Amino acid sequence: MAFVTRFAPSPTGPLHLGHAFSALLAHDMARANAGTFLLRIEDIDPQRSKPHWEAQLLDDLTWLGIRWDAPPMRQSDRMPAYRAALDDLWSRGLLYPCTCTRRDIDQALSAPQEGAPHHGPDGPVYPGTCRDRPRPALRPTDQHLRLNMAAALAAIAAEATRFTETGPAHAGTIATSATGYLAQIGDIVLARKDFGTSYHLSVVVDDAAQGITHVTRGEDLFEATAIHVLLQRLLGLPTPVYHHHRLIRDDKGKRLAKRDDARALARYRAEGASPQDIRHMVGLE
Ligand code: GLU
């Protein structure tokens, strides 16, 4: 079976030890399976993505010994593909515009009859305020567009959202029920008004475009995978095998974040660490 995997960093800050682990693991898995390793620069957010972070991450990855088997895909070049996917979902009545602010959503959710709000992969589950408003004929490009989850579930076969997970925490076949989708994920935003797409939509469209057969990424994205598999079904795209790996934590057990400059690879490099030292630090030999 072909083995094509990828590392998909966002150039919004320095790569830290957690990224090094993720990239090395995916790269090692590709090499061990005589497969292909690809890189994708996830720069859909023009406010947060910076060319100097991209240059730095390419340099850090090369220093680590990582080689990609094709030129990197850059998400900012892929807007036509995202628009085509959104047009498709819109024409099938699966998206609706949403004008709610975060405050509107918090207020609706704190109404006494609502009970404790569920938190999904994207935060509190949307209360549906804009769902039944009349839809304009043309897909708006200056408003958030949400997936109508009930309509989406009605459009696919119930068992179609199963996927295979090979990561240590959840290995096996993962199934999410319709109730799970409605109560724990809900009507997620698929196009943001500020940049016309979303992480979930872009990652699904691009994994398919790059022919990814195995997605290797952090455990923090495990919950989001149910969304990705649903979108693959709706868009007629294949579902890869998923491998969600452990997260690298700091001494206090906290997950590393982009702002933890102390853990930046550049910092270790400046202090004279070797790529082999980095492998040891993240528990790879
Ligand atoms: N761009 C995402 C990140 O930096 C990773 C996306 C993915 O692997 O699906 O966390």
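Just above, that's the structure.
To continue, consider the overall build of the protein chain. Regarding its fold elements, the protein chain presents 10 helices and 12 strands. Structurally, the protein chain occupies a C-alpha span of about 60 × 40 × 35 Å along its principal axes. Taking all 285 residues of the protein chain together, 49% fall into the buried category. Summed over all atoms, the accessible surface of the protein chain reaches about 13600 Å², with 52% contributed by carbon and sulfur. Distance between charge centres in the protein chain, computed from 33 positive and 33 negative side chains, equals 2 Å.

When you tally the buried positions in strand β11 (residues 214-218), you get 5 out of 5 residues, the bulk of the element. Of the pairings in the sheet, the one linking β11 to strand β12 (residues 241-245) comprises 5 bridges and is parallel in character. Among the inter-strand pairings, Val-215 is bridged to a residue of β12, identified as Tyr-242. In this region the chain leaves β11, passes through helix α8 (residues 225-235) and returns to the parallel neighbour β12; the handedness of that crossover is right-handed.

Now for the side chain of Thr-197. Following the sequence through the fold, Thr-197 ends up in the loop between β10 (189-191) and α7 (199-209). Filtering out sequence-adjacent residues up to four positions away, Thr-197 remains in contact with Ile-44, Met-79, Tyr-82, Leu-190, Ala-191, Arg-192 and Ser-202.

We now examine the packing of α7 against α8. Contact geometry of α7 with α8 gives a least axis separation of 9 Å together with a crossing angle of 60°. Here α8 runs oblique to α7, going by the angle between their axes. Considering how the two elements wind past one another, α7 and α8 form a crossing that is right-handed. Residue-level inspection shows Tyr-199, His-200, Leu-201, Val-203, Val-204 and Val-205 of α7 in contact with α8, the latter providing Ile-227, His-228, Leu-231, Gln-232 and Leu-235.

Put simply, helix α3 (residues 79-91) and α7 touch, their axes get as near as 10 Å, and they point 110° apart. As summarised for this structure, α3 and α7 are arranged roughly perpendicular, according to the angle between their axes. Contacts between α3 and α7 pair Ala-81, Tyr-82, Ala-85, Leu-86 and Leu-89 from the former with Leu-201, Ser-202, Val-205 and Asp-206 from the latter. Its residues assigned to classes, the contact of α3 with α7 comprises 7 nonpolar, 1 polar and 1 charged.

Take Phe-3: it is sitting in the segment before β1 (4-7). For Phe-3, a relative accessible area of 9% corresponds to the buried category. Separated by 279 residues in the primary sequence, Phe-3 and Val-282 have C-alpha atoms spaced 24 Å apart. Aside from chain neighbours lying at most four places away, what touches Phe-3 is Met-29, Ala-30, Asn-33, Gly-35, Thr-36, Thr-213 and His-214.

To continue, consider unusual backbone geometry. Even without being glycine, Ala-34 reaches a positive phi, approximately 50°. The exposure class of Ala-34 is exposed, given its relative accessible area of 74%.

Quick look at the environment of Pro-97 now. Its location among the elements puts Pro-97 in strand β4 (residues 95-98). Residue Pro-97 is classed as buried on the basis of its relative accessible area, which comes to 13%. In the structure, Pro-97 is positioned 50 residues away from Leu-147 in sequence and 9.1 Å away in space, judged by C-alpha atoms. Those residues in contact with Pro-97 that lie beyond four places of it in its chain are Trp-90, Cys-130, Arg-135, Pro-136, Pro-140, Gln-143, His-144 and Leu-145.

By the alternation rule, side chains of β4 split into Leu-95 and Pro-97 and Tyr-96 and Cys-98, which are all buried. In this sheet, strand β7 (residues 144-147) lies alongside β4 in antiparallel orientation, the contact comprising 4 bridges. Of the residues in β7, the one forming a bridge with Leu-95 is Leu-147.

Parameters and conventions
- Residues numbered from 1 in each chain as written.
- Predicted model: local features only at pLDDT ≥ 70, side-chain atom pairs only at ≥ 80, totals over all residues.
- Heavy atoms only, no water.
- Helix = DSSP H or I, 4+ residues; strand = E, 2+ residues; numbered from the N terminus.
- Buried < 20%, exposed > 50% of the residue type's maximum accessible area, 1.4 Å probe, protein only.
- Areas by Shrake-Rupley, 256 points an atom, 1.4 Å probe, with all protein chains shown as cover.
- Lys, Arg positive; Asp, Glu negative; His and termini not counted.
- Charge placed at Lys NZ, Arg CZ, Asp CG, Glu CD.
- Pairing = 2+ DSSP bridges.
- Right-handed = clockwise from strand over helix to strand, strands pointing away.
- Contact = heavy atoms within 4.5 Å.
- Axes fitted to C-alpha atoms, helices over the stretch in contact; angles between N-to-C directions.
- Parallel < 35°, antiparallel > 145°, perpendicular 65-115°, else oblique.
- Left-handed = near helix turned anticlockwise from the far one by under 90°.
- Nonpolar A, V, L, I, M, F, W, Y, C, P; charged D, E, K, R; others polar.

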